[in-house]
Amino acid sequence: VDRGLLLSDVAKAQRLAQGREAVPARLLETDLDFDALCERLDETARLPAVGWDIETSYNEVLCMAFAPSAQHAYVVPLDGRWSAVQRAALDARIARILGSPLPRKVTANGNYDSSFMREFHGVETDPDSIDDVQVAHHIMYPDLRKSLALLCSLYDFEGYYKADGATAREIGDQQMFFRYNAR
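Within each chain, residue numbers correspond to sequence positions counted from 1 in written order. The predicted origin of the model limits local features to residues at a pLDDT of at least 70 and limits the giving and counting of side-chain atom pairs to 80 or more, whereas totals for whole chains, interfaces and linings rest on all residues. Think of the side-chain values as coming from all heavy atoms in the structure, minus any hydrogens and water.

Draft legend 1. Representation of helix H1 (residues 3-17) in the model. Helix length check: H1 (15 residues) gives 21 Å between terminal C-alpha atoms against 21 Å at 1.5 Å per residue, within 8%. Looking one or two residues past H1, Gly 19 carries a phi angle of roughly 75 degrees, positive in sign. Only DSSP runs of H or I reaching four residues or more are called helices, and only runs of E reaching two or more are called strands; each is numbered from the N terminus. Here, expected helix span is obtained from the residue count minus one, scaled by 1.5 Å.

Draft legend 2. Structural view of the sheet that holds strand E1 (residues 27-29). Pairing is mixed across the open sheet formed by six strands, whose spatial order is E1-E4-E3-E2-E5-E6. Each edge of the open sheet carries a strand with a single partner, namely E1 and strand E6 (130-132). Ignoring which end each strand starts from, the neighbouring axes of this sheet average 25 degrees apart. In this scheme, strands are said to pair when DSSP sees at least two bridges between them. Bridge analysis of E1 against strand E4 (residues 72-77) gives three bridges, and the strand direction is parallel. Whenever a helix is involved, its axis is fitted only over the stretch in contact; in every case the axis is a line through C-alpha atoms, and angles between N-to-C directions fall within 0 to 180 degrees.

Draft legend 3. Layout of unusual backbone geometry. With an omega of 0 degrees, the peptide bond between Leu 102 and Pro 103 qualifies as cis. For Pro 103, the position within the fold is in the loop between helix H3 (84-99) and strand E5 (104-107). Of note, the phi angle at Tyr 58 is positive, near 55 degrees, even though the residue is not glycine. Locating Tyr 58 in the fold gives a position in the loop between strand E2 (49-57) and strand E3 (60-69).

Below is the structure:
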C-alpha cells in the first residue's frame, strides 16, 4: 500500500467527518424522454465544457452520458428504443457536440471513446477539445497508477464504481447500468 495514497484517503475521511467537506448532491437523469433529451443535448452544445463517457458492447454504443456540471449528468440511451427519425436526431446532436471545439470534452480514457465513435459510428471528436483526466493525472503523477479506482479515490466522492457496470449487466438492471454510466 502506498503510504501517500493512504494518507490522502484518511485526510479526506477526516474532512468529511469533521464537516469541513461534504459529499455533493448529484442529479443523475437516466430516464429522459426524447424531447427532454433533445433539449439537454441542445443545452449541452452551448456549454463551455462537458463531461462525456460511453458504454459499449462489441461494436455498439449502448448509452452515452453527458455531465453539464459536477452535480448533474444525464444518459442518452442508444439501445434501440428510438424510431429511426428520433435516433437520427439524437445522433446529429451528439455529433455536433463531439465534433465542435466547444464544449470542451472532459473524459477519462477519452482516446478510447473518441476512437470508438469514429470507427464504429463515423462520429469525429474534435481532437483539440478533449481534456482527459487520466492523461492529466498521469502527467502530473507518473509514478502513480492512472486507474479509475485511484482517480475516484483522489478526486471525487463516488468511491470505486467500475464493477457496477458489470454487475448491472449480469443482473439485467438497465437503470443501474445507466446510473453507472452517468457517474
